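# Structural description and commentary
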Amino acid sequence: MSTTQSERLRGLLEPLVSKRGLDLEEIEVTPAGKRRVLRVVVDADDGVQLDTCAELSRACSEVLDESDAMGGAPYVLEVTSPGADRPLSELRHYRRAVGRLIKAQLTEAAGGGELTARLTAVDDGGLDLEVPGVKGRKPTARRLAFDELAKARVEIEFNPKAAQQRRMSADGDAEAAGNENEEEA
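About the cut-offs
Residues numbered from 1 in each chain as written. Predicted model: local features only at pLDDT ≥ 70, side-chain atom pairs only at ≥ 80, totals over all residues. Heavy atoms only, no water. Salt bridge = Lys/Arg side-chain N within 4 Å of Asp/Glu carboxyl O. Helix = DSSP H or I, 4+ residues; strand = E, 2+ residues; numbered from the N terminus. Buried < 20%, exposed > 50% of the residue type's maximum accessible area, 1.4 Å probe, protein only. Core = buried A, V, L, I, M, F, W, Y, C linked by side-chain atoms within 4.5 Å.

### A look at the pattern of salt bridges
Charged atoms that come close allow side chains of opposite charge to pair. Inspection of every chain in the model, using the stated rule, returns 17 salt bridges. A salt bridge links Arg92 to Glu25; the shortest N-O distance between them is 3.0 Å. Separated by 67 residues along the polypeptide, Arg92 in helix 3 (residues 91-96) and Glu25 in strand 1 (residues 23-32) bring together distant segments of the chain. Judged by relative accessible area, which is 18%, Glu25 ranks as buried. The partner of Arg95 in a salt bridge is Asp124, with the nearest N and O atoms 3.5 Å apart. Of this pair, Arg95 sits in helix 3 while Asp124 sits in the loop between strand 5 (114-123) and strand 6 (126-131), and the two are 29 residues apart along the sequence. On the basis of relative accessible area, Arg95 is assigned to the partly exposed category, the value being 46%.

### Here we look at the nonpolar core
The tendency in soluble globular proteins is for nonpolar side chains to be buried side by side. Core analysis: the largest hydrophobic core is formed by 23 residues, its most contacted members being Leu9, Leu38, Val40, Val42 and Leu56. Counting residues in hydrophobic clusters, the runner-up holds 18 residues, among them Tyr94, Ala104, Leu129 and Ala152.

So this is what it looks like as structure tokens:
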């Protein structure tokens, strides 16, 4: 997609997205046979509901039909939220991932390699992480500046509640975890 087309599409669609309290994360046009796919990726602090995507899709479709931003060739419009494993690249992405497990590729200045840890806090200067202990040892805290991160993404956890309970037990809050389980039962 040319920069001019990208800028035109962003100019047309961003007001519609912002009006709904969402962030426009990405606009992508890719060929798909005789058609093209226009993928509009949106996100919000509380996530994006399917109904919101459908409503936004209708509004985007109307605006695109009234303009010539996509030209005369047929296309398919897809309004979606980012995947669970999308890269973390903006401060707002890290803020939305607080409490989640992340995998970070460290820069050479930070020692290189990969680090998997729980994101506990974020500020303008960087991240506070809880690095899991190895072989039964307690987790340790670590601070990373943003310039020490080459890239990062959320790690998908299939049982995050169990991980949270293990952390609570390791911190000596096993009783609190037990009370939490009783309330859910």
